[in-house]
Amino acid sequence: MSQEGDQEQSDRKKYEFRKVIEDLKDFDGSGTQLVTIYVPEDRQISDVVQHVTQEHSEAANIKSKQTRTAVQDALTSIKDRLRYYDVYPPENGMVLFSGAVDSGGGRTDMVTKVLESPPQPVESFRYHCDSDFLTEPLEHMLADQGLYGLIVLDRREANVGWLKGKRIEPVKSASSLVPGKQRKGGQSAQRFARLRLEAIDNFYQEVAGMANDLFVAKRHELDGILVGGPSPTKDEFLDGDYLHHEIQDNVIGKFDVAYTDESGLKDLVDNAEDALADAEVMKDKKEMEEFFKELNAGDLATYGFEQTRRNLVMGAVDRLLISEDLRKDVVVYDCSECGNTDYEVLDRRKSTPDHTCNDCGAEVEVTDDDREDAIDHLIEIAEQRGTETKFISTDFEKGEQLYNAFGGFAGILRYSTGV
Ligand SMILES: [Zn+2]
């Protein structure tokens, strides 16, 4: 699968996971106990079963009969689920949740969920039994990881590397032959100054070459470039247009750093903290700005469920934009009289209403199968048509507008369709 395909898979998976986590967090296990187990991919299922069996027998010592029963039921349910697996869990591991949750009116419901192959690997085995499900480690995995290029330089040395998630990876370094400010006896001052400038220019070119080699190939995945160094070096370097223009355009900030060795890369990331937080929202902002530009002055914008869906089916959508906060279902009404299909987007908690065909007015029969998650419905079409899906945060004005004014669905088109 291509990198882009991988990214889409993981966006979709993130959405599925986020939905489950929201549900799990809503559950209140007050008085009863909820069990969470994180299983890394290299942990044998038989080990996990053994651990669960052990916990089950230890739970016999719990004094409250209600809690004891709840914990043992949860563990039994988890053991039942583990039977579906062979020797090892799926890639990246899995997380199991089980417990009796308060369903109101003094009643409890048994809930068991298994999330397979999270977007990041489960790092260590974890058994957790408490009044809440343990969702935080999973939420961290869903947080955007980010890929940033790092450059630190002064006139004597330079280092380039990556920031991948929270990890800094130094890749290459260079040191210069730029002479110090002190000229040797017998050299003319002008000649010395000229040679020195040439040497600086050569060094900047060398550093830029090193950075371009590393970053240009990854420019479509890059979330930004950070540049660090003393003044005026980093300014000279950036103002001199040494970097490949696509890399230069991706520079999200320049920062003072005390060192330009490998430790300078860490210094750079520390000092860029705010810029990195902004960059996360920046990507979403850029998408929405492009959407509004097309909406106001072009013809490559579409919005609302129905229009977006029709454009998607035509294969005309380049990027599908979905509000991160959106939680809606869609009901697909297939009319058996005239063959027409109507769509209705509904709040998740609302029940499916009666429907008469928009075309012929006949009453349309619906079953549970005709109703599904609206986002899943569109992403499925998007995947078939090679359309990228972007989830847009509501933490900025235009992101909020996508949610409030455009029904949470929009698209930037490849070509105008008149739909
Ligand atoms: Zn009809």
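Details of the structure are given in the entry above.
About the thresholds
Residues numbered from 1 in each chain as written. Predicted model: local features only at pLDDT ≥ 70, side-chain atom pairs only at ≥ 80, totals over all residues. Heavy atoms only, no water. Salt bridge = Lys/Arg side-chain N within 4 Å of Asp/Glu carboxyl O. Helix = DSSP H or I, 4+ residues; strand = E, 2+ residues; numbered from the N terminus. Buried < 20%, exposed > 50% of the residue type's maximum accessible area, 1.4 Å probe, protein only. Polar contact = N/O pair within 3.5 Å; in protein donor to acceptor, adjacent residues only side chain to side chain. Contact = heavy atoms within 4.5 Å. Core = buried A, V, L, I, M, F, W, Y, C linked by side-chain atoms within 4.5 Å. Axes fitted to C-alpha atoms, helices over the stretch in contact; angles between N-to-C directions. Parallel < 35°, antiparallel > 145°, perpendicular 65-115°, else oblique. Left-handed = near helix turned anticlockwise from the far one by under 90°. Nonpolar A, V, L, I, M, F, W, Y, C, P; charged D, E, K, R; others polar.

Caption draft 1: View of the pattern of salt bridges. Taken as a whole, this structure holds 27 salt bridges when the rule is applied. Residues Lys 218 and Glu 221 are paired through a salt bridge, measuring 3.8 Å at the closest nitrogen-oxygen approach. Between Asp 235 and Lys 254 there is a salt bridge, and its shortest N-O distance comes to 2.7 Å. With Asp 235 in helix α6 (residues 233-239) and Lys 254 in strand β9 (residues 251-255), the pair connects residues that are 19 residues apart, well separated along the chain. By relative accessible area, Asp 235 is classed as buried at 18%. Through salt bridges with shared partners, one network takes in Glu 16, Lys 19, Asp 329, Arg 348, Arg 371, Asp 373 and Asp 376.

Caption draft 2: Structural view of the side chain of Thr 308. Relative to the assigned elements, Thr 308 resides in helix α10 (residues 305-313). Its relative accessible area of 0% is what places Thr 308 among the buried residues. Here the side chain of Thr 308 touches Gly 304 through a polar contact of 2.5 Å, landing on its backbone oxygen. Excluding its chain neighbours within four sequence positions, the residues that come into contact with Thr 308 are Thr 302, Tyr 303, Val 317, Leu 320, Leu 378, Phe 409 and Ala 410.

Caption draft 3: Fine view of the nonpolar core. Core analysis: the largest hydrophobic core is formed by 26 residues, its most contacted members being Ile 151, Leu 153, Phe 215, Phe 237 and Leu 243. Counting residues per element, the ones that place at least two in this core are β5 (147-153), β6 (157-164), α5 (189-215), β8 (224-228) and α6. For this core, the element with the most residues is α5, which contributes 10 residues. If we ignore the near neighbours within four places in the chain, the residues touching Leu 153 are Ala 158, Tyr 204, Val 207, Val 227, Gly 228, Gly 229, Pro 230, Thr 233, Lys 234, Phe 237 and Thr 260.

Caption draft 4: Representation of the packing of helix α2 (residues 45-58) against helix α3 (residues 65-82). Two numbers describe how α2 lies on α3: the axes approach to 10 Å, and their chain directions differ by 165 degrees. Considering the angle they form, α2 stands roughly antiparallel to α3. Where α2 crosses over α3, the handedness of that crossing is left-handed. Contacts between α2 and α3 involve Ile 45, Val 48, Val 49, Val 52, Thr 53, Glu 55 and His 56 from the former and Gln 72, Leu 75, Thr 76, Ile 78, Lys 79 and Leu 82 from the latter. Split into classes, the residues belonging to the contact of α2 with α3 amount to seven nonpolar, four polar and two charged.

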